[in-house]
Amino acid sequence: MKAPTLLAAAAAAIMLATGLAGAARAGEAGQDARDAAAIAVAHVTLPQAIATAEQRAGGRAVSADLVADPAGPRIAVEIAAPHGVQTVTVDAVSGAVVANRDHDEDEDASD
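Residues numbered from 1 in each chain as written. Predicted model: local features only at pLDDT ≥ 70, side-chain atom pairs only at ≥ 80, totals over all residues. Heavy atoms only, no water.

Peer 1: Is there a simple way to think about the environment of Ala 51 in this case?
Peer 2: In this structure, Ala 51 sits in helix α2 (residues 46-57). The spacing of Ala 51 and Ala 61 is 10 residues in sequence and 8.4 Å in space, taken between C-alpha atoms. (Helix = DSSP H or I, 4+ residues; strand = E, 2+ residues; numbered from the N terminus.)

Next up, the structure:
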């Protein structure tokens with residue numbers, strides 16, 4: 001490969017990498033904006049959602065995440081319960097449990 005062709009290929013690779021990095025940062029900024037909007041309308045605190053999820057599942061929370069769902073903000077709480085791990089999703093506005101998914105069901109479905 002001639003030097004000018006090699007130089008052009010290297011320049012194109014650098015521009016592609018820079019463009020992809022910029023797109024990733026833009027995506028993160030968009031997610032931050034969605035999270036901020038979800039927090040602004042949430043009336044349920046993280047400790048309240050965790051307590052609700054633990055009571056529903058009969059176990060202890062191991063993680064919790066705010067989810068900017070199209071239906072409204074949700075708090076997904078992963079629970080370690082005696083019968084297995086499950087995710088309880090709590091509406092961050094009303095405090096109601098909107099989903100309760102057992103992780104064992106997901107593993108069975110993929111077999």
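There is more to say, and it comes next.
Peer 1: Help me understand the pairing of strand β1 (residues 60-69), please; the structure alone is not making it clear to me.
Peer 2: Across a regular strand the side chains alternate sides, sitting on one face of the sheet and then on the other. Where β1 lies against strand β2 (residues 72-81), nine bridges are found, and the strand directions are antiparallel. Paired with Ala 68 across the two strands is Pro 73, which belongs to β2. Counting the residues that bridge the hairpin from β1 to β2 gives two residues. (Pairing = 2+ DSSP bridges.)

Peer 1: Please clarify how the nonpolar core should be interpreted in this entry.
Peer 2: One recurring pattern in soluble globular proteins: nonpolar side chains tend to sit buried together. Membership of the largest hydrophobic core is limited to 11 residues, which are Val 44, Ala 49, Ala 53, Ala 57, Ile 75, Val 77, Ile 79, Ala 81, Val 88, Val 90 and Ala 92. Every element with two or more residues in this core is listed here: α2, β2 and β3 (84-91). Aside from chain neighbours lying at most four places away, what touches Ile 79 is Ala 53, Glu 54, Ala 57, Gly 59, Arg 60, Ala 61, Gly 84, Val 85, Gln 86 and Val 88. (Core = buried A, V, L, I, M, F, W, Y, C linked by side-chain atoms within 4.5 Å. Buried < 20%, exposed > 50% of the residue type's maximum accessible area, 1.4 Å probe, protein only. Contact = heavy atoms within 4.5 Å.)

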